[in-house]
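# Fold and contact review
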Amino acid sequence: MSSSRILPPARRQVQVADLAAHPGVRLEGDPTVTVSSVVLDNRRAEAGDLFAAVPGARVHGASFAADAVSRGATAVLTDAAGARAVRDAGCDVPVLVAEDVRATLGAVAAAVHGEPAAAMRTFGVTGTNGKTTTTFLLDHALRALGRRTGLVGTVESRFGDTVVPSTLTTPEAPELQGWLAAMVADDVDTLSMEVSSHSIAMHRVDGIVFDVVGFTNLSQDHLDFHGTLEDYFAVKAELFGPERARRGVVVVDDEWGARLAREARVPVTTVATTTVDADADWTVQDVETEPGGSRFTLVHRDGRRVATRVALPGGFNVANAALACVMLLESGVDADTLVAALGPEGFDARVPGRMEVLSDAPRVVVDFAHNADALELALSSLRMTTPGRLVVVFGATGDRDRGKRPHMGAVAARFADVVVVTDDDPHSEPPGPIRAEVIAGARAVTGREGPGPEILEIAPRAEAIRQAVLSAAATDTVLLAGRGHETVQEVDGVDLPLDDRVEARAALAARSTGRERTAPTPHDEGDTHA
Ligand SMILES: CC(=O)N[C@H]1[C@@H](OP(=O)(O)OP(=O)(O)OC[C@H]2O[C@@H](n3ccc(=O)[nH]c3=O)[C@H](O)[C@@H]2O)O[C@H](CO)[C@@H](O)[C@@H]1O[C@H](C)C(=O)N[C@@H](C)C(=O)N[C@H](CCC(=O)O)C(=O)O
Ligand SMILES: Nc1ncnc2c1ncn2[C@@H]1O[C@H](COP(=O)(O)OP(=O)(O)OP(=O)(O)O)[C@@H](O)[C@H]1O
């Protein structure tokens, strides 16, 4: 079930006859009945709702229509099979019958809520990594520019004083459109949101034409859903068409970005952040790495220069900030006005669990890197600004993508001085063997220059964090990788409270109250269940 129903304080009343005017929809029943909102889950239905009964992968939503109606839903949107089920269940409400319910739902939900996206300036960010960070950086800059902003994404959705933790990166269309209408009612003028590939494929963002969309990068992920990398790319590329966006900004550091820039069906501005690319509109130059972030200059091929800073460690955060910056420029923001509004700190957003720096001496950083690529990027960038030892605490998830475990171990062993292998979300798997696969990958690393890393196994995770933080010297960096902002750990089907930031802060507090530092000790396997 998705996170929370946020609706505007005053709702419009829309006749079902008006909704039947959408292509591929016909109406059975009384055309004068009105709806004031849309809901996808019967358990959340309220008076005046249109219940959208979607044929899902597991169940047809129409089997819950009678319950939705008993809770006050005044009409149902479904397909032909759903319509039969609704009638068979004896529901006497008008039924909007669509050829493809999901493909109709976004436009219908937008119409019920009065096309809220059209009343705001809208930024959408897609890509495998960096969506959350880039939307937070956009939101930060927009607020500095004096805009009243809304944000939708993996960590939370928010506007004004309303903040709701998320369950999906991009909510389903009924919830999303309700949120957007509530934002408009609260005078929000600019929206930054993450657009996952699932949301494009499942029509969650239908009904929105973004003013500017951005692409961060693409690497192997979500193939359980998309099948092939080619399909994954094709879905992301859909966002760069006139049905969904007016213009785009594409980071062309990887081949997928370069291809997207060629194939996009809306005008695209390109940004190269890692190499000087003569074909790119903007390139990132003069990067100066600092402990808490980086300074950089965006140089346009016509000679324009925009010098700013990102207050998050990591070369990839220069890419995220550069993307946010060019998206703002493409939306019409003047470069000098932007730089002045950002001030000397530049893009200074704190992104929960994304390169989040908890302390300086030792530097303790929490990051969401949960695959080998992201772990390598995080470690290599922290290495540059770590005078002492680089310590990493991480684990691999259970149940899925087993192949990545030794790779994560190998990356940690290549880039860190102390590798503390612990648990992530074991889900239904016993955690010990997962750790063993990670450790095997770490031990297999040979040919590293200098002394090899210290490899430790410590569980449960809270204890691994405690020991790593307590034993760190002031010049060390401790990276707590993989869980970012997450606050529960699933072990054997049970959700246990666990927040890396809370555990790390407790250990930092113990250090500052003068408790003696302890060295991590290898943990006895077999006594390690979380
Ligand atoms: C693969 C996928 O995205 N599936 C989504 C899909 O599930 P489904 O087709 O299996 O639905 P179903 O369980 O058969 O139910 C069918 C219909 O009956 C309704 N229902 C069901 C049960 C009930 O008691 N009452 C009821 O009304 C459901 O709301 C649904 O409309 O429709 C459901 C209803 O909205 C979603 O919750 C579900 O997302 C699941 C939870 C999910 O985990 N999605 C992930 C993969 C996802 O979308 N991730 C991306 C980000 C990925 C990333 O970049 O990391 C995201 O945007 O979050
Ligand atoms: N531009 C980037 N390129 C590569 N890796 C990145 C980039 N930005 C962030 N990362 C890494 O990916 C992790 C997730 O970042 P972020 O949450 O911003 O991405 P996301 O696309 O929103 O992913 P998710 O939807 O899983 O949260 C970060 O913790 C960091 O390790």
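One can find the structure itself at the top, above this paragraph.
Residues numbered from 1 in each chain as written. Chains lettered and ligands numbered in written order. Predicted model: local features only at pLDDT ≥ 70, side-chain atom pairs only at ≥ 80, totals over all residues. Heavy atoms only, no water.

Around ligand 1 sit 23 residues, and of these Asn42, Arg58, Thr169, Glu172 and Ser196 come closest. Separating an oxygen atom of ligand 1 from a backbone N or O atom of arginine 58 is a distance of 2.8 Å. Between ligand 1 and threonine 170 there is a distance of 3.1 Å, counted from an oxygen atom to a backbone nitrogen or oxygen. Protein chains shield 73% of the accessible area of ligand 1, which is 1100 Å² for the free molecule. Structurally, the shell around ligand 1 is a two-domain feature, drawing no fewer than three residues from each of domain 1 (14–112) and domain 2 (117–342). (Near = heavy atom within 4 Å. Polar contact = N/O pair within 3.5 Å; in protein donor to acceptor, adjacent residues only side chain to side chain. Areas by Shrake-Rupley, 256 points an atom, 1.4 Å probe, with all protein chains shown as cover. Domains from an automatic or database assignment.)

Strand order in the open sheet formed by six strands is β19-β20-β24-β21-β22-β23, and the pairing between neighbours is mixed. At either end of the open sheet lies a strand with only one pairing partner, and these are β19 (356–360) and β23 (454–457). Averaged over all neighbouring strand pairs, the angle between strand axes comes to 15°, with direction disregarded. Both β19 and strand β20 (residues 363–367) contribute to a ladder of four bridges, which runs antiparallel. For glutamate 356, the partnering residue across the bridge sits in β20 and is valine 366. Packing against the sheet, helix α14 (residues 404–415) makes contact with β21 (390–394) and β22 (418–421), and its axis sits at approximately 165° to β21. (Pairing = 2+ DSSP bridges. Helix = DSSP H or I, 4+ residues; strand = E, 2+ residues; numbered from the N terminus. Axes fitted to C-alpha atoms, helices over the stretch in contact; angles between N-to-C directions. Contact = heavy atoms within 4.5 Å.)

Among the 18 residues in the neighbourhood of ligand 2, the closest are listed as Gly130, Thr132, Thr133, Arg354 and Asp367. At 3.3 Å from an oxygen atom of ligand 2 is found a side-chain nitrogen or oxygen belonging to glutamate 194. Contact distances for ligand 2 include 3.1 Å between a nitrogen atom and a side-chain N or O atom of asparagine 217. In isolation ligand 2 offers 620 Å² of accessible surface; the protein chains occlude 91% of this area. Within the residue set of the shell around ligand 2, elements represented by two or more residues are α5 (131–144), α11 (315–330) and α13 (372–384). For the shell around ligand 2, a count of residues per class yields five nonpolar, nine polar and four charged. Both of domain 2 (117–342) and domain 3 (356–516) provide at least three residues apiece to the shell around ligand 2. (Nonpolar A, V, L, I, M, F, W, Y, C, P; charged D, E, K, R; others polar.)

Attention now moves to the packing of aromatic side chains. Under the defined criterion, the tally for this structure stands at two aromatic pairs. Where phenylalanine 159 meets tryptophan 179, the ring centres are 5.8 Å apart and the plane angle is 85°; that geometry is what we call edge-to-face. Taken together, the positions of phenylalanine 159 in strand β10 (residues 156–159) and tryptophan 179 in helix α6 (residues 173–185) put the pair 20 residues apart, joining distant regions of the chain. Above the plane of the ring of phenylalanine 368 lies arginine 354, whose end atom (NZ or CZ) is 4.1 Å from the centre. (Phe/Tyr/Trp six-rings, centres within 6.5 Å; stacked < 30°, edge-to-face > 60°. Lys NZ or Arg CZ within 6 Å of the ring centre and 35° of its normal.)

Pairing is possible between side chains that carry opposite charge, provided their charged atoms lie close to one another. Scanning the model with the defined rule gives 43 salt bridges in all. Ionic pairing is found between arginine 148 and aspartate 186, a salt bridge with its closest N-O pair at 2.8 Å. Of this pair, arginine 148 sits in the loop between α5 and β9 (149–152) while aspartate 186 sits in the loop between α6 and β12 (190–194); the two residues are 38 residues apart in sequence, bridging distant segments of the chain. Of the residues examined, aspartate 186 reaches a relative accessible area of 26% and is grouped as partly exposed. The residue glutamate 356 makes a salt bridge to arginine 501 at a minimum N-O spacing of 3.4 Å. Separated by 145 residues along the polypeptide, glutamate 356 in strand β19 and arginine 501 in helix α17 (residues 500–512) bring together distant segments of the chain. The same class applies to glutamate 356 and to arginine 501, which are both buried. (Salt bridge = Lys/Arg side-chain N within 4 Å of Asp/Glu carboxyl O. Buried < 20%, exposed > 50% of the residue type's maximum accessible area, 1.4 Å probe, protein only.)

With that out of the way, let us pick up unusual backbone geometry. A cis amide bond links alanine 361 with the next residue in sequence, proline 362, at an omega value of 0°. Examined against the element boundaries, proline 362 turns out to sit in the loop between β19 and β20. A cis amide bond links alanine 459 to the next residue, proline 460, at an omega of 0°. Its identity as a non-glycine residue notwithstanding, glutamate 115 has a phi of 50°, on the positive side. By the secondary structure assignment, glutamate 115 is in the loop between α4 (101–112) and β8 (121–126). On the accessibility criterion, glutamate 115 (39% relative accessible area) is partly exposed. Positive phi, normally seen in glycine, also occurs at histidine 203, with a value near 60°. What makes histidine 203 partly exposed here is its relative accessible area of 23%.

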